[in-house]
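Structural characterization, general
Here's the letter readout for the chains.
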Amino acid sequence: MHATSTQFKKVASQKLADPKLQATLANAKGRFVVARSDAVHDIDNFEEMREAAAQLRDHCLDNLDVYLEEWERKATAAGAIVHWAESAEQMNQLILDIARDNEVRKVIKSKSMLGEETGLNEYLENGGLEVRETDLGEYIVQQAKEHPSHIIAPATHKSKEDIAKLFAEKHDRPQLEDITELTHEAREILRPHFLDADMGISGANFLVAETGSTMIVTNEGNGRMTTTMPRVHVAITGIEKCIPTLEDLSLMLRVLTRSATGQPISNYLSVTTGPKRDGDTDGPEQFHVILVDVGRTRVLGSNLREALRCIRCGSCMNHCPVYQNVGGHAYGWVYPGPIGSVLTPAYVGVDKAIDLPNAATLCNQCGVACPVKIPLPDLMRKLREKQTELGLKSVWERAGLRTWTWVATRPVLYGLLTKVAVRFGKLAGGKDRLLHWLPFAGKEWTSERDLPAPSGKTFREIYAARARRDGEANVR
Amino acid sequence: MSARENILNRIRAANASHLKHGADGAQQVASRLNDHVRGPLPRMKWQRIARFKKCSIEAATTVDQVGSRTDVPAAVADYLAKNELPKTGVCWPELATLDWSGAGLEIEARPANADDKSGITGSFCGLAETGTLMLLSSENTAATTSLLPDTHIALVSASRIVRCMEDAWDLFRKEIGDLPRQVNFVSGASRTADIEMTLVYGAHGPFRVHVIIVDE
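Described below are features of the structure shown in this document. Computed from a predicted structure; not experimentally measured.

Conventions used here
- Residues numbered from 1 in each chain as written.
- Chains lettered and ligands numbered in written order.
- Predicted model: local features only at pLDDT ≥ 70, side-chain atom pairs only at ≥ 80, totals over all residues.
- Heavy atoms only, no water.
- Pairing = 2+ DSSP bridges.
- Helix = DSSP H or I, 4+ residues; strand = E, 2+ residues; numbered from the N terminus.
- Axes fitted to C-alpha atoms, helices over the stretch in contact; angles between N-to-C directions.
- Buried < 20%, exposed > 50% of the residue type's maximum accessible area, 1.4 Å probe, protein only.
- Arc of directions from axis to C-beta.
- Contact = heavy atoms within 4.5 Å.
- Buried area = accessible area lost by both parts, 1.4 Å probe.
- Salt bridge = Lys/Arg side-chain N within 4 Å of Asp/Glu carboxyl O.
- Polar contact = N/O pair within 3.5 Å; in protein donor to acceptor, adjacent residues only side chain to side chain.
- Core = buried A, V, L, I, M, F, W, Y, C linked by side-chain atoms within 4.5 Å.

A closer look at the sheet that holds strand β1 (residues 81–85) of chain A
All names here are of chain A. Strand order across the open sheet formed by 6 strands is β1-β10-β7-β4-β2-β3, with parallel pairing between neighbours. Taken across any chain shown, the strands that pair with only one partner, and hence form the sheet edges, are β1 and β3 (130–133). Across the sheet, the mean angle from the axis of one strand to that of its neighbour is 20 degrees, orientation sign disregarded.

This is the structure we're talking about:
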């Protein structure tokens, strides 16, 4: 997918000024947070599980080559055909080749964020295939020719009125009003496609090395359809998704579903191992799995490595005050929110996403909500450092910080300047003791709000005065 | 060099530079794979069957309990009548010998197609922790039976309701061994909340799931 992350500031401002989007976001805001909180408090040792999950993911990454080889051995023994792809183009081409070899015309897809990364749908459509997304949210954004704005709730930016209008036009039926009716209309439209599609493409939440299985977590049942009905099934997955055993899978699922939708378990957990067996009445004749790098090994060797623990639950964006207000599209690539602010620069390029690691207050809501304890604020800070190292910050910002450093490393001068500044600040604050306007970079801040005026004394002055009053004993 | 070799080499290079003490070593990884170590479990102080029922109901599954398999057709007929559902459907072959017609039902022992109204299945086991059914695909236990029809009715033996997924894997390894094409854990009816986060049942799979616990 083409990244438009360089436009973050512009798009975020538009999104903030869009009353319809704001109403939709306001509706979603908090719902995910409350659901997760309830689900987490429903068991008394969630923190213990979270810690175990984080350690497990690190162990997997530390031994990724061994687990992938073991997985491949087991998967092949069960009859799966395993492919490896280094680039997006390679993965897309592999799938198109499999489709052509099998005379595939129609493809049904269950949700895959990796497919979004590689622009798979467009590629296959350009190759002459009909491609249908079947997750309701993905189906909606595909019909609207948009991209998902959330990794587990792709159409969360759209109101039911938007969707009703879209369905009436695309389905050529009278416009509906009720959400249940809209959902069931999509069911009715998509059912025949499940039955006559030649190929199903799914992602994978996890690969289980012990058994050579791929597994997906769904609520709608479209994942089961996609992996069971067509004669060819292709699962695509990032190489980082591999975990050792079925016991490990059980642990990961406990933290994943609670963090994602707040469910103790999702409706359908499907563990797939190989194609249709002798005598089976259902299941695909061919089962292909494509293990995809597309930037993973680069991140593995970088100081953003912990981002590869990610199990794509969406909890970080649900808890992010920035995401909650600008929505997912402002981030400009596949993954929005805090994890997107790390993965977009990591996968697409630091210089292609300058604003993203800075579009955060580093409040660490994401860090504490992450089921695998990815230190997201730390990673964003590392990316900010990288931006400075590469000279990607604006001239003004760099000059400002250089001046600051020069002053701050000269204590006497610093003391003098801050004394002047706070006294001037107090004066400027006037009767209501608020600053309505600041110079330089402060201008943007005060354009929306006021800054309480300083009290007229610096911290160092107040501290010294207290030390004199209380005697040295009470002050370290 | 192939993509496979390139990727594996890059992983090894990245890990070699990252890990001061090297990776965990083949032996440690092998024992990790063989020992089936469990992660932290929820404290499971509840009674298995009561928990299974409670969680099933929370997942919007309806639950019934009967004394023996011979009571099943009447229980199914009762459920279908109460919900004003058609008296026809399909079932797994293992349930073909039950006296469906005696209960006024037309149930065929064959895989489901898209027009079938009800699909009646057994289950490998039930998970008390979450009110979940564990279904294995096979020649005689078609995956479509629990997927295509509007209504899914599942039987689970009371003695085969285990505490949690880890217990289910143990039971599976003891009784069967190699995984079938697909293991499906089903916890209630198909659902979505993709439009304005409003929960709707019957997204693509069954609109409703009814579980019958069989005591004997």
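Here the narrative resumes, following the displayed structure.
Considering helix α2 (residues 26–35) of chain B
Among the residues of α2 of chain B, V29, R32 and L33 of chain B are the ones counted as buried. Along the axis of α2 of chain B, the buried residues cluster in a sector spanning 95 degrees; they form a single face. α2 of chain B presents Q27, N34 and D35 of chain B as exposed residues on the side facing more than 90 degrees away from its buried surface. Residues of α2 of chain B that are buried make contact with α4 (46–62), α5 (64–77) and α13 (246–260) of chain A. Positive backbone phi, at 50 degrees, marks H36 of chain B, one or two positions downstream of α2 of chain B.

Section: the pairing of strand β7 (residues 232–238) of chain A
Residue and element names in this part refer to chain A. Among the 7 residues of β7, 7 are classified as buried, and the element is accordingly described as predominantly covered. The pairing of strand β4 (residues 199–202) with β7 spans 4 bridges and is parallel. Within the sheet, the bridge partner assigned to G200 lies in β7 and is H233. Alignment of β7 against strand β10 (residues 286–292), held across 7 bridges, turns out to be parallel. Bridged to I236 within β10 is I290.

Some words on the interface of chain A and chain B
Between chain A and chain B, the residue contacts involve 104 residues of the former and 73 residues of the latter. Buried surface at the junction of chain A and chain B, summed over both partners, amounts to about 7500 Å²; 55% is from carbon and sulfur atoms. Taken together, the links from chain A to chain B amount to 14 salt bridges. For D150 of chain B, the salt bridge identified is with R187 of chain A, shortest N-O distance 3.5 Å. Run the count over chain A and chain B and you get 57 residue pairs in polar contact (both at pLDDT 80 or more).

Digging into the nonpolar core
One finds L249 of chain A together with M134 and W169 of chain B to be the most contacted residues of the largest nonpolar core, which totals 104 residues. Ranked by the residues each element gives to this core, the list is headed by α13 of chain A, at 8 residues. Contact partners of M134 of chain B, with chain neighbours within four places excluded, come to S123, F124, C125, A168, W169, F172, V183, N184 and F185 of chain B.

Treat this as a map of the structure, not an account of what it does.
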